[in-house]
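Listed below are the residues making up each chain.
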Amino acid sequence: MAAKLLTKTLNLRHPSISLPVRFNHKSSLPLQTNPQFDILKKKRLTFAPMVSSTNPHQSDDFSPDSKLINGELKPTSLEERTFSGLEMACLWIGLVVGVPTYYLAGSLVDLGMAWWQGIATVVTANVILLVPLILTGHPGTKYGISFPVLARSSFGIHGAHIPTILRALVGCGWYGIETWIGGEAIFLLLPKIAKESVIAQQIYWLGTSPLEFLCFIVFWFAQLGIVWNGIDGIREMEKYSAPVLVLLTVSLLTWAFCRAGGFSHMLALSSKLSISEFWAVFFPSLTANISFWATVALNIPDFTRFAKSQKDQILGQIGLPIFMGAFTFVGLAVTSSTQVIFGRVISNPIQLLGEIGGTWVLILAILGISLAVISTNIAANVVAPANALVNLSPSKFTFRRGALLTAIIGIIFQPWRLLKSSESFVYTWLVGYSALMGPIMGIILADYYFIQRADLSLGDLYTASSRGGYYYSGGYNFSALAALLAGILPVIPGFLGKVGILSSVSSIYNVIYDNAWFVSFLTAGILHLIISSFLRRGRAHSMQQPVLPSS
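Residues numbered from 1 in each chain as written. Predicted model: local features only at pLDDT ≥ 70, side-chain atom pairs only at ≥ 80, totals over all residues. Heavy atoms only, no water.

A. Representation of a nonpolar patch on the surface. A cluster of nonpolar residues, Trp 228, Leu 404, Leu 405, Ile 408 and Ile 412, forms a patch on the protein surface that exposes about 420 Å² of accessible area. At four residues, the largest contribution of residues to the nonpolar patch is made by helix H17 (residues 399-412). Leu 405 gets classed as partly exposed once you look at its relative accessible area, which sits at 31%. (Patch = residues over 30% accessible without salt bridge, like charges linked within 9 Å, V, L, I, M, F, W, Y side chains within 5 Å. Areas by Shrake-Rupley, 256 points an atom, 1.4 Å probe, with all protein chains shown as cover. Salt bridge = Lys/Arg side-chain N within 4 Å of Asp/Glu carboxyl O. Helix = DSSP H or I, 4+ residues; strand = E, 2+ residues; numbered from the N terminus. Buried < 20%, exposed > 50% of the residue type's maximum accessible area, 1.4 Å probe, protein only.)

In structure tokens form, the structure reads like this:
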């Protein structure tokens, strides 16, 4: 079911589908659907949004600009909105059950938390994130629009490129991390003589060994080949990846239980942190856990646009804290058990599999991990960057080209450095990019619910006309851009101190950095509301009803 949703998301090229273009003012049902407006048969598609009496600049009729629409960016039709809450939940299961989630859980133990503190931190973070996740998913279901199109309403027709590209860059980083994990799986299968050879020795300037880098590149090409060959291969992988990894997880949990003589060690494992040390670790860990899925939460309209109703998208999202809590328990239980079994904590599941040994066990485990890595990577880290690039230039970029550029940038991120320790993964990578995701989400939610009143003009989202409601100043909403900058700036000193560029940073900046998502989210959202209240001159509001019938 998750595969079905992903396939619809990536492959919106149905030549028989046309958009409903006229609506009854008192009903959300379309009055007519005219095939003459099929965007794949005609170069122009005409929207006829209702004229807002409050906006003198609203045009009676807008023709979508060819630079703003194509098969991937057009609103989904009623026929495409077929996914239930269960199918949305299955997508999250496929995303949650993966190596990075396991690694994040183990990292909390590695940082000194007790098992229950780690689980509580993860669940708390995901309950908090659930609120903006559902709120951001609302316009996707209501209007059938993707994240890049939604961003046009708050940042402007051209200004939307900025938040979508920032989201895309983070997706590229994650793509690199997932690919590196797949490369580690290949490295683990190599014979011992290869692992002890000269090319397995780390090169300082590279940050890893040539052999590990070669394994990374091999997996990079294999993964890209699957994407390049079309959606069918991806659909088949999505169909089986989640069950395989669930089976692998259960097997790993059973092994840990038997070898460690139960989970008594984990349950008895107390925190290594004092009260003050715990809170110093808790807040950045909370931010990191929110940031872990803040990327997908931001572009969740890319998926909720296929939901049958708001009820279905909400029910599908509610499972996130439950799934994360359950898988975190597995990760923490196995990681804690490694202390008893091997005499040290092993938070990386790939390294753990290497310690377990056994040829057939390794082969089956690595195949399962590779399958899950590829399918998760496609769903979480290719859709958003590809859509962002298509939005940047619909006439030049396709999904394939977007995927290729995503993969190349993923190498530039040097993911082996991001995963070299729990601290670099949690404090540098996760907390660092939360300063980008937080303000974007704060601005979009503040704009959609408080300024737009959850009432968008579908036609204005696809026109570059200066009379369009989201054209603002030259296609840019400088209120949103100023708020975005204001949300990011306070976090920069703490980030520079964390990566070692600044030798000394004021404690206040460290506190801001540890709470980067919260600070940037609230700062940008509130500032956008304040600036907009002064600059707003009667923004264009269409009375057009959503494509989806109201419940």
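B. Expanded view of helix H11 (residues 275-298). Counted at 1.5 Å a residue, the expected span for H11 with its 24 residues is 34 Å, and the 34 Å between its end C-alpha atoms agrees. Of all the bends found along H11, the most pronounced is centred on Phe 292 and spans about 35°. Burial within H11 is extensive, with 18 of its 24 residues counted as buried. (Expected span 1.5 Å × (residues − 1). Bend = angle between axes of the 7 residues up to and from the residue.)

C. How the structure looks around the nonpolar core. Counting 132 residues, the largest nonpolar core has Trp 92, Ile 145, Trp 174, Trp 293, Phe 425, Trp 429 and Leu 430 as the members making the most contacts within it. Broken down by element, the residue count for this core peaks at 15 residues, all from helix H19 (residues 422-451). Excluding its chain neighbours within four sequence positions, the residues that come into contact with Trp 293 are Trp 92, Leu 95, Val 96, Thr 101, Asn 126, Leu 129, Leu 320 and Met 324. Core analysis: the second largest hydrophobic core is formed by five residues, Ala 105, Val 109, Ile 119 and Leu 332 among them. (Core = buried A, V, L, I, M, F, W, Y, C linked by side-chain atoms within 4.5 Å. Contact = heavy atoms within 4.5 Å.)

D. Main features of the pattern of salt bridges. Counted according to the given criterion, the structure contains two salt bridges. Between Lys 192 and Glu 196 there is a salt bridge; the shortest N-O distance is 3.9 Å. The exposed category is assigned to Lys 192, whose relative accessible area is 61%. With a closest N to O distance of 2.8 Å, Arg 344 and Glu 355 form a salt bridge. In this pair, Arg 344 is assigned in the loop between helix H13 (310-342) and helix H14 (349-356) and Glu 355 in helix H14, connecting sequence segments eleven residues apart.

Function cannot be read off these values alone, since they describe shape.
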